[in-house]
Amino acid sequence: KFTLNSSLANYLVRNLKIMNAIQLIKIKFIGPPKTYIGNVLANVELDKEKDSYLAIDAFLRDLPSYSGLEKNQILFVMDGMRSVIYLDEQSLKKAEMSYFGKMRSYFFKRSEELGYKFIDMHKVFNSHYQYNKQTFEVPYDGHWNKLAHKLVADSIQSSFFWSRVISED
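Treat the numbers as computed from the prediction; the structure is a model and nothing was measured. (Residues numbered from 1 in each chain as written. Predicted model: local features only at pLDDT ≥ 70, side-chain atom pairs only at ≥ 80, totals over all residues. Heavy atoms only, no water.)

## Points about the overall build of the chain
Each helix and strand counted, the chain has ten helices and four strands in total. Counting from the amino terminus, helix and strand elements in the chain follow one another as α-α-α-β-β-α-β-α-α-α-β-α-α-α. Expressed as a percentage of the 169 residues in the chain, the buried residues total 31%. Of all intrachain contacts in the chain linking residues separated by at least 6 positions in sequence, the fraction that spans at least 24 positions is 64%. Carbon and sulfur atoms form 58% of the exposed surface of the chain, whose accessible area is close to 12200 Å². (Helix = DSSP H or I, 4+ residues; strand = E, 2+ residues; numbered from the N terminus. Buried < 20%, exposed > 50% of the residue type's maximum accessible area, 1.4 Å probe, protein only. Contact = heavy atoms within 4.5 Å. Areas by Shrake-Rupley, 256 points an atom, 1.4 Å probe, with all protein chains shown as cover.)

## Here we look at the environment of Arg-61
Along the chain, the position of Arg-61 falls in helix α4 (residues 46-67). Sequence separation between Arg-61 and Leu-114 is 53 residues, and the spatial gap between their C-alpha atoms is 8.4 Å.

## As for the packing of aromatic side chains
Any two aromatic rings considered together are summarised by their centre-to-centre distance and by the angle between their planes. Per the counting criterion, the structure on display carries ten aromatic pairs. Measuring from centroid to centroid gives 6.0 Å for Phe-59 and Phe-76, while their planes differ by 50°, and the two rings are tilted. On the criterion of sequence distance, the pair formed by Phe-59 in helix α4 and Phe-76 in strand β3 (residues 75-78) is long-range, its members being 17 residues apart. Given the relative accessible area of 12%, Phe-76 is considered buried. Following the ring pairs from residue to residue traces out a cluster consisting of Tyr-86, Phe-125, Tyr-129, Phe-136 and Trp-144. (Phe/Tyr/Trp six-rings, centres within 6.5 Å; stacked < 30°, edge-to-face > 60°.)

## Things to note about the side chain of Ser-111
Here Ser-111 is to be found in helix α7 (residues 99-113). Not counting residues within four places of it along the chain, the set of residues in contact with Ser-111 comprises Leu-60, Phe-76, Tyr-116 and Phe-118.

## Some remarks on α4
In this model, α4 (22 residues) spans 31 Å end to end at C-alpha, consistent with the 32 Å of a helix rising 1.5 Å per residue. The largest bend in α4 is about 35°, located at Arg-61, with the proline Pro-64 one to four residues further on. Turning to α4, its buried residues number three or more, namely Glu-49, Ser-52, Ile-56, Leu-60, Asp-62, Leu-63 and Pro-64. (Expected span 1.5 Å × (residues − 1). Bend = angle between axes of the 7 residues up to and from the residue.)

## Regarding unusual backbone geometry
With a phi close to 55°, Lys-133 is a non-glycine residue in the positive phi region. Within the secondary structure layout, Lys-133 lies in the loop between α8 (121-132) and α9 (146-157). If you check the backbone angles, Tyr-140 has positive phi at about 65° while not being a glycine. Among the structural elements, Tyr-140 can be located in the loop between α8 and α9. The class for Tyr-140 is exposed, based on a relative accessible area of 89%.

See below:
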């Protein structure tokens, strides 16, 4: 409240651009602001990236024995990189090279090599957004909204997995 009614604060912000100076000081002494994609740091240490590849491999290797299901009974539904769907093509290319993008790509590659089925919701969400310009998040939250859940359900029901595994039961 003080700053809203303070002539000094208004002068500092408007004329001296004090907020810009504060941001420059933070960058100088603390470092640049961190960039996040998919709620994780866009860039991580190489050791963490390597460990993440190993974790994906271990998860895919052990999942059938831990779940009691065969690989052909498992369907992965992977969220899209929703934050970049609303931006330009250049942002998407950057996101694909981020830690989140690399992990998504590796997960799909290894899943396919090991015989798992998956649905990449990025393609579905992106296509829907380009045509309808509707977002997929609950406001101020980031979780899927009703539209996103419907698109996921429709994608699962129209998949080969659904017709072969679920409807057989």
